[in-house]
Amino acid sequence: MPKIGIIGGSGVYGVFDPKESIKVHTPYGRPSAPVEIGEINGVEIAFLPRHGKTHDIPPHEVNYRANIWALHELGVERVIGITAVGSLREEYKPGDIVITDQFIDFTKKREYTFYNGPRVAHFSMADPFCPEMRKVFIETSKGLGYDTHEKGTYVCIEGPRFSTRAESMMFRSYAHIIGMTLVPEIVLARELGMCYVNIAAITDYDVWAEKPVDAQEVVRVMKENEEKIRKILQEGVPKIPEERKCGCADVLKTAFV
Ligand code: ADE
């Protein structure tokens, strides 16, 4: 069974031919879609379109718990999350790739944990992203010649609306990129001892830079970015070490009280 899972947009279909589609039932309800199983460059992967097969699930309605649970149930140990993001800094340009290294949570009403009692757990989130996968995708994206940021703090907002100018100015003082889907996806993966990496593709300068964000423009630029994401996955996925030496699962050892 696949040890690598990809959660992302429909653009990912271009890099693999799904051979099987599995409907997974979870204690948390239905995932965004059946999980597609296929290969990227000879490596077996599981793929979940975060917003559903027909892109009809908005960011605040994604069943993040069901998605992560389903991948875990199928044996996935490492999750690659693909996201479209806005830029909060001049030097992070539309079209650039960011291999995120930190996040700040500004979401408001999502299901954030598998541990609502009676089992109580507090997971370290100090370094949220898998160092082994970050290294692979930084090197791959740079090797392909893409403008790549090795670091970036992602502020996750609730959406579905974009930010006000005042919010954008505030976020800009402590983060580099802004999106609506990283949290709680990454948090839930960690709670199950899975590795997580975020490959963020910048679609716009958020509203701090004068022009209001235009959803249609975001979709247009994301389509342009899809080719980059496909190439990064095609080259990067086979370079992910099969055996995990990253320690991402170690957080489980210290979380339970
Ligand atoms: N996704 C893409 N661009 C965004 C922005 N400016 N704000 C929030 N989410 C986004």
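Think of each chain on its own: its residues are numbered from 1, step by step along the sequence as written. In keeping with the predicted nature of the model, local features appear solely for residues at pLDDT of at least 70, side-chain atom pairs appear and are counted solely at 80 or more, and the whole-chain, interface and lining totals rest on all residues. Side-chain metrics rest on all non-hydrogen atoms present in the structure, leaving aside hydrogens and water.

1. Details of the nonpolar core
Here is step 1: Counting residues in hydrophobic clusters, the biggest one holds 42 residues, and the most contacted among them are V35, I68, L71, I177 and M194.
Here is step 2: Residue assignment for this core shows that the elements contributing at least two residues are β3 (35-40), β4 (43-49), α1 (64-73), β5 (78-87), β9 (153-157), α4 (182-191), β11 (195-205) and α6 (251-255).
Here is step 3: Broken down by element, the residue count for this core peaks at 6 residues, all from α4.
Here is step 4: By the convention used here, residues are in contact when the closest approach between their heavy atoms is within 4.5 Å. If sequence neighbours within four positions are ignored, M194 has contacts with I68, L71, H72, V76, E77, V79, A189, R244 and C248.
Here is step 5: What we call a nonpolar core is a set of buried Ala, Val, Leu, Ile, Met, Phe, Trp, Tyr and Cys residues that are connected through their side-chain atoms within 4.5 Å. The rule is simple: take the accessible area with a 1.4 Å probe, protein chains only, and divide by the maximum for that residue type; under 20% is buried, over 50% is exposed, in between is partly exposed. The next biggest cluster of nonpolar side chains, apart from the first, holds 30 residues, and it includes V12, V136, Y146 and I199. Elements are defined by DSSP. Helices are runs of H or I of four residues or more, strands are runs of E of two residues or more, and each kind is numbered from the N terminus.

2. Let's talk about the site of the ligand
Here is step 1: Any residue with a non-hydrogen atom lying within 4 Å of a molecule or strand is treated as near it. The full set close to the ligand counts 13 residues, and A84, G86, T203, D204 and D206 are the nearest of them.
Here is step 2: For the purposes of these results, a polar contact is taken to be a pair of N or O atoms within 3.5 Å, where, inside protein, one atom must be able to donate a hydrogen and its partner to accept one; residues adjacent in sequence count only when each atom of the pair is a side-chain atom. Backbone polar atom of A84 to a nitrogen atom of the ligand: 3.4 Å apart, as the coordinates give it.
Here is step 3: All accessible-area figures derive from a Shrake-Rupley calculation using a 1.4 Å probe, and residue coverage is judged against the displayed protein chains alone. Against a free-state accessible area of 260 Å², the protein chains account for coverage of 95% of the ligand.
Here is step 4: No other element matches the 3 residues that β5 contributes to the shell around the ligand.
Here is step 5: For the shell around the ligand, the class distribution of residues is 8 nonpolar, 3 polar and 2 charged. The residue classification treats Ala, Val, Leu, Ile, Met, Phe, Trp, Tyr, Cys and Pro as nonpolar and Asp, Glu, Lys and Arg as charged. All others, Gly included, are polar.

3. Section: the pairing of β3
Here is step 1: In terms of burial, β3 is a largely internal element, 5 of the 6 residues being buried.
Here is step 2: Here 3 bridges tie strand β2 (residues 20-22) to β3, and the two strands are oriented antiparallel to one another. Bridge pairing links E20 to I37 in β3.
Here is step 3: By the bridge criterion, 5 bridges tie β3 to β4 in an arrangement that is antiparallel. Paired with I37 across the two strands is A46, which belongs to β4.
Here is step 4: By the convention used here, strands pair only if DSSP detects at least 2 bridges between them. From the end of β3 to the start of β4, which pair antiparallel, there are 2 residues, and N41 there has a positive phi angle of about 50°.

4. Here's the deal with the UniProt feature "domain: Nucleoside phosphorylase" (unreviewed entry) in the chain
Here is step 1: As recorded in UniProt, the sites labelled "domain: Nucleoside phosphorylase" (unreviewed entry) are residues 3-234.
Here is step 2: Along residues 3-234 one finds 26% helix and 26% strand; the C-alpha atoms at either end are 16 Å apart. UniProt positions are given in the numbering used here, feature names are shortened, and annotations may be inferred rather than shown by experiment.

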